[in-house]
Amino acid sequence: MVKCAKRSEKEICSGFCEKHFRRYFEDKVKKTIRKFNLLNHKDKIAVAVSGGKDSTVLMYVLKKLNYDVTAITVDAVIGNYTKQNLENLRGVCKKYKIPLKEISFRKEFGYSLCYIRSIVNQDRKEKLASCLICGVLRRYLINKYAKQMKFDAVATGHTLDDEAQAFLMNIFRNDIALARRQGPIAGKGGNKAFVTRVKPLYLCTEKETTAYSKLMKFPVNYERCPCSVEAYRRNFRNYLDEFEKKHPSVKHNIVNFFLGTVHKEKKTNEIIGECELCGEPSARGICKKCEIIGELKKKMKRKND
């Protein structure tokens, strides 16, 4: 039996027993916030939560560290999966007295994610993946409501695993511009309409967030979203997980390489413009959200004529 590095009790994660692991994890989040200057206690913070383990852990820890947090969730209406996540999230927010703002694809766009995907992909040679559509629409809604509710920052539950996967994906796509926008702070593109996004779990592994979530007995779904089966990212996740079994430091090394190179050299004067249609921040004339919704409306009109 592996023993805790600080006492003789059983290790549960990262060399620590239950008692010391909680303290270790919370201190790690605190140090990450301090190291990258992510937040201060005067900030009004929106925590983007899905009902999954990472975002639920982040929401709870920030609350425990005495930050002013409000949970903000977007329901993509994926059958029982998001229904259960929403019920779980309501329970956690009620228990820990955290305000919850609920947003729905159906209310905002008129349809669920699966229906939007099916209509948009009609007659398309290059089909849009569910994760791409969901990510674009979700980011748009969170930024929109974060501005309306006057939040100083949006905190997301991205872990070290997520960041290692994302950096590799950008390398494979040869997308240096997108890689430059990675890092513990995102959204500083010179556009005030873009609420800064921060990642307090940036140096925490997914294994650690899972262990913390289970210790706290949070009612979360540990399964992947059913719509992500064909996701491009899933290939990188599986590859890195398998590779790390033989090379335990690989994810840390990828993130440290990024921080010491691309992140260090990224330009601070990059200006992000506005979408010509909706006015939201966009690197192009028409943002991806307006492209998707425009195509949806066009095909729905053709379908109903």
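Structure: see above.
The model shown is predicted, which means the values in this text are computed figures rather than measured ones.

The rules behind each value
- Residues numbered from 1 in each chain as written.
- Predicted model: local features only at pLDDT ≥ 70, side-chain atom pairs only at ≥ 80, totals over all residues.
- Heavy atoms only, no water.
- Helix = DSSP H or I, 4+ residues; strand = E, 2+ residues; numbered from the N terminus.
- Rg over C-alpha atoms; globule rule 2.2 N^0.38 Å.
- Contact = heavy atoms within 4.5 Å.
- Patch = residues over 30% accessible without salt bridge, like charges linked within 9 Å, V, L, I, M, F, W, Y side chains within 5 Å.
- Areas by Shrake-Rupley, 256 points an atom, 1.4 Å probe, with all protein chains shown as cover.
- Salt bridge = Lys/Arg side-chain N within 4 Å of Asp/Glu carboxyl O.
- Pairing = 2+ DSSP bridges.
- Right-handed = clockwise from strand over helix to strand, strands pointing away.
- Buried < 20%, exposed > 50% of the residue type's maximum accessible area, 1.4 Å probe, protein only.

Q: Even after reading the chapter, I still don't get the overall build of the protein, so can you show me in this structure?
A: For the protein, the helix and strand inventory stands at 13 helices and 8 strands. At 20 Å, the protein has a C-alpha radius of gyration in line with the 19 Å of a compact globule built from 305 residues. Judged by the C-alpha coordinates and their principal axes, the protein covers about 70 × 45 × 40 Å. Taking as baseline every contact in the protein between residues at least 6 positions apart, the subset at least 24 positions apart corresponds to 70%.

Q: I'm lost on a nonpolar patch on the surface in this one. Help?
A: A surface patch of nonpolar side chains, about 330 Å² in accessible area, is lined by Ile171, Phe172 and Tyr232. Among the structural elements, Phe172 can be located in helix H7 (residues 160-173).

Q: Is there a simple way to explain the pairing of strand S3 (residues 100-104) in this structure?
A: Side-chain direction in a regular strand flips from residue to residue, so the side chains alternate between the two faces of the sheet. Strand direction decides the pairing type here: strand S2 (residues 68-75) and S3, joined by 5 bridges, are parallel. Looking across to S3, one finds that Asp75 is bridged to Ser104. The parallel pair S2 and S3 is bridged by helix H3 (residues 79-95), and the resulting crossover is right-handed.

Q: How should I be thinking about the pairing of strand S1 (residues 44-48) in this particular structure?
A: Burial within S1 is extensive, with 4 of its 5 residues counted as buried. Bridge count for S1 against S2 is 5 bridges, and the pairing is parallel. Along S2, the bridge assignment pairs Ala46 with Thr70. Taking the sense of rotation as the criterion, the β-α-β connection linking S1, helix H2 (residues 53-64) and S2 turns out right-handed.

Such coordinate-based values are descriptive only and should not be taken to indicate function.
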